Amino acid sequence: MKQLDRKIFSGIGYVSLIFLAILCIFPFILVVSSSLTEETKILTDGYQFIPTAFSTEAYSILFKYPDQMIQAYMVTIGVTIMGTVLGLFLTSMTAYALSRKDFKWRNKFSFFFFFTTLFNGGLVPWYLLMVNYLHIKDTLMALVIPMMLNVFYIIVMKSFMGSIPEAIVESAKIDGAGDFKIYARLILPLSKPALATIGLFLALAYWNDWYNALLFISDEKLMPLQYYLYKMLGNMDGMRKAMMGAGAVVTTSIPSESLKMAMTVVATGPILLAYPFVQRYFVQGLTIGAVKG
Amino acid sequence: MKGHTFWSDLKNYRVLLLMLAPAVAFFLLFAYVPMAGIIIAFKHYDYAGGIFGSAWNGLDNFRFFFESGDAWRVTRNTALYNIAFIVVNNSLQIFAAIMLFEVGGKWFRKITQSALFLPYFISWVVVGAIAYNLLNYDIGTVNALLRGLGLEPIDIYNTPAYWPYILVLVSAWKGLGYGTVMYLAAITGIDTEQYEAAEIDGANIFQRIRKVTIPNLYPTIIILVLLAVGNIFRGDFGMFYNMIGNNGLLFSSTDVIDTFVFRSLITSNDIGMSAAAGVFQSVLGFATIMTVNYAVRRYDKDRALF
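What counts, and where the lines are drawn
Residues numbered from 1 in each chain as written. Chains lettered and ligands numbered in written order. Predicted model: local features only at pLDDT ≥ 70, side-chain atom pairs only at ≥ 80, totals over all residues. Heavy atoms only, no water. Helix = DSSP H or I, 4+ residues; strand = E, 2+ residues; numbered from the N terminus. Rg over C-alpha atoms; globule rule 2.2 N^0.38 Å. Buried < 20%, exposed > 50% of the residue type's maximum accessible area, 1.4 Å probe, protein only. Contact = heavy atoms within 4.5 Å. Areas by Shrake-Rupley, 256 points an atom, 1.4 Å probe, with all protein chains shown as cover. Lys, Arg positive; Asp, Glu negative; His and termini not counted. Charge placed at Lys NZ, Arg CZ, Asp CG, Glu CD. Arc of directions from axis to C-beta. Phe/Tyr/Trp six-rings, centres within 6.5 Å; stacked < 30°, edge-to-face > 60°. Lys NZ or Arg CZ within 6 Å of the ring centre and 35° of its normal.

## Describing the overall build of chain A
Helix and strand content of chain A: 15 helices and zero strands. Relative to a compact globule of 293 residues, whose C-alpha radius of gyration would be 19 Å, chain A shows 25 Å and is clearly more extended. Across the 293 residues of chain A, 53% fall into the buried class. Pairs at least 24 residues apart make up 71% of the contacts formed inside chain A by residues separated by at least 6 positions. For chain A, the accessible surface area stands at approximately 13300 Å², while carbon and sulfur atoms represent 68% of it. In chain A, the 23 positive side-chain charges and the 17 negative ones have mean positions that sit 11 Å from each other.

See below:
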C-alpha cells in the first residue's frame, strides 16, 4: 500500500516537473530555432521549434553590419562593469558601517535607508529631478546611477557582515587599525560569498536594464543592448536602415522576422552562457536572503 | 552634558560617518528630494516655473485623474493582477519545491532547478519578443498550430479578454524558479526528526506532506505572501510595458497604475495628473504596507519588518 502511494506520487512528481521544465526551456528553443529558419518558411508556416528550412542568413546579415550592435554591447558592458563595481563598493561600505554593533546611530541610519522602500515620491518628481535639474539625459550616468544602490542589498549585506564574529573587529582595533582599514582588509575578504552574490544580482540587473534607457536615452550611441533590441523589435524600418548602413537603399529583402530572433539570441547569449556557472551563487544568495532577510 | 557626548560621538564615529556619507547623499538626493517633489501633484506644472515656481492648482490634478475613470480602471487592474500573481505563483512555487525535494536524484534535481530558474535571467524585452513569437496573428506559433489543426486562428493582440490569463501565465513562468528556490530552502531547513516521526506513525507520503511539510512552510508562505500583499498597488512595469506596449486596444484589461503614470508623463506629457496618480499610488502603497506590517506583528513579532 505504502509502496503504491510512493509510486503514484513519484509519477506525478516526475511528470509535472518535467512538464514545467520543458515549459521554461521551450521558448528559448523557439527563439534559437526561428533565428535559424529561412524567412519565407517563417512567413508561410509561422515560427517553429525545429527549423524545417535551415538558414544562417539572419546571422550573416547581423554580422555584416555589426557596428550598432557592437556599440550597444560596449555600452552595456561598460555600464554593467561600472555599475557593479561602484554598487558593490558603496553597498558593502554602507552595510559595514550599519553592521558595527558599537555604532550607536546605526538604527537611525538603517531607518533612514529603509524608509525609502516604504514611501516614495513616485516617478514624476524623480524624473524631473533627473532631467531638469541634474541634466542627466543622454549621459552614461543616467544608466549607472539609478540602480547603483538598493536598500534590499544593503540589508542582505549588513546581515551577512553582522554574522562575522565581533572579536575580529575588536582585536583589529586593539592593534590600532582604523575603521576603514578594518573594512577593507578584514571584513571585505571575509564577505566574499555575499559580495559574489550581490555582485551577480547587480550585474544581471544592469545587463538586462532597458527601463532607464527608455526614460533617459535618445542618443543612439548610448543605447544599451536590451533597449537597442527593444527599439529594433518594434521598428523594422529602423532595423533595415541600421543593417544596410546610413544612406544605403532600404531593401525589403532583409529577413526581418528571423533577424529579430537572431538579435534576441545575440543580446541574451552571454547570460545563457554564464548561467550554468553563476546559477549556484544566485541560489546561495536567495537562501541567505530567505533565512536572514 | 548631552551635547558634549554628541560631539565626542561625532569624533569617534567620524570614519564610519564618512563611509556612510555617499549612500546617505544618494538616498537624500534620489529618494528624499523626490518625496518633497510631491507638491507637483498640487500644481499646474510649467517648464519655465519648474517645481517651485509653477502655480498651485489645489486638487485639480486629482479631480482630473478620478473623473476620467482611469483611476478606478488602473487601480482595479493593478490590484487584481497582483492578487492573481500572488495566488498562482506561490501555489506553483510551493508545488514545484515540494516535488523537487521529494522526487528524483541529485542530477534530476539540479537540471530541473536550472531549467525552472532560466526565465528569471532574461530581460522583459526578450520575454516580450518571445510572447510575440507565440501569439502573433500571422506567424505566431499558437496560430500556426491552430491552423495546422484546421481551426480558426485567434487575434490575440486585439482581444483584451485573453490577456489576464496570458499575463498570469507569463508572470508564473518568469518567477517560478526564484520562488521555488526560496521554498526549497525552507523545506530543506525542516528538522528531519519530524519526517522520521511521521514515518514511524505510518503516514504515507501525501499525509506526510500535508501534516509535516506544509505546516512547516507556513511561516515562509505567510511572510512572502504578506510582503507581496504590501506591494499590491505596484504594477510590474517591465512586464506590462513589454507585453502590451502602447497597444491601446488592450488597455481596458491590461493598464496598471505604473504604465498609466509612465504614459501620462512621457507620451501625453500631462505632468500634473501623472504626478497625482503617482502620489495616489504611493499613499495607497504606504497604507497597505503599514497594515500588512501590523498584521505580521500580530502574527509573529520577530518577523515584522519594523
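From this point, the discussion proceeds with the structure in view.
## So, helix H3 (residues 57-64) of chain A
Three- or four-residue spacings in an α-helix give side chains the same orientation, since the helix completes a turn every 3.6 residues. Residues and elements named next belong to chain A. Among all positions in H3, only Ala58, Tyr59, Ile61 and Leu62 are buried. Buried residues along H3 cover an arc of 160 degrees about the axis, so they all sit on one side. Along H3, the residues that are exposed and aim more than 90 degrees away from the buried face are Phe63 and Lys64.

## Structural notes on the packing of aromatic side chains
Using the criterion set out here, one finds 50 aromatic pairs over all chains in the structure. Centre to centre, the rings of Trp210 of chain A and Tyr241 of chain B are 6.1 Å apart; their planes meet at 10 degrees, and the pair counts as stacked. With one member in each of two chains, Trp210 of chain A in the loop between helix H11 (192-208) and helix H12 (211-216) and Tyr241 of chain B in helix H12 (residues 237-244) form a pair that bridges those chains. Both residues of the pair, Trp210 of chain A and Tyr241 of chain B, count as buried. When the ring of Tyr275 of chain A is compared with that of Phe121 of chain B, the centres are 4.8 Å apart and the planes differ by 70 degrees; the resulting orientation is edge-to-face. Here Tyr275 of chain A is found in helix H15 (residues 256-292), whereas its partner Phe121 of chain B is found in the loop between helix H6 (106-117) and helix H7 (124-135) on a different chain. For Phe121 of chain B, a relative accessible area of 2% corresponds to the buried category. Between Arg147 of chain B and the ring centre of Tyr137 of chain B, over which it is positioned, the NZ or CZ distance is 5.7 Å. The lysine or arginine in question, Arg263 of chain B, covers the ring of Phe251 of chain B, its NZ or CZ lying 3.9 Å from the ring centre.

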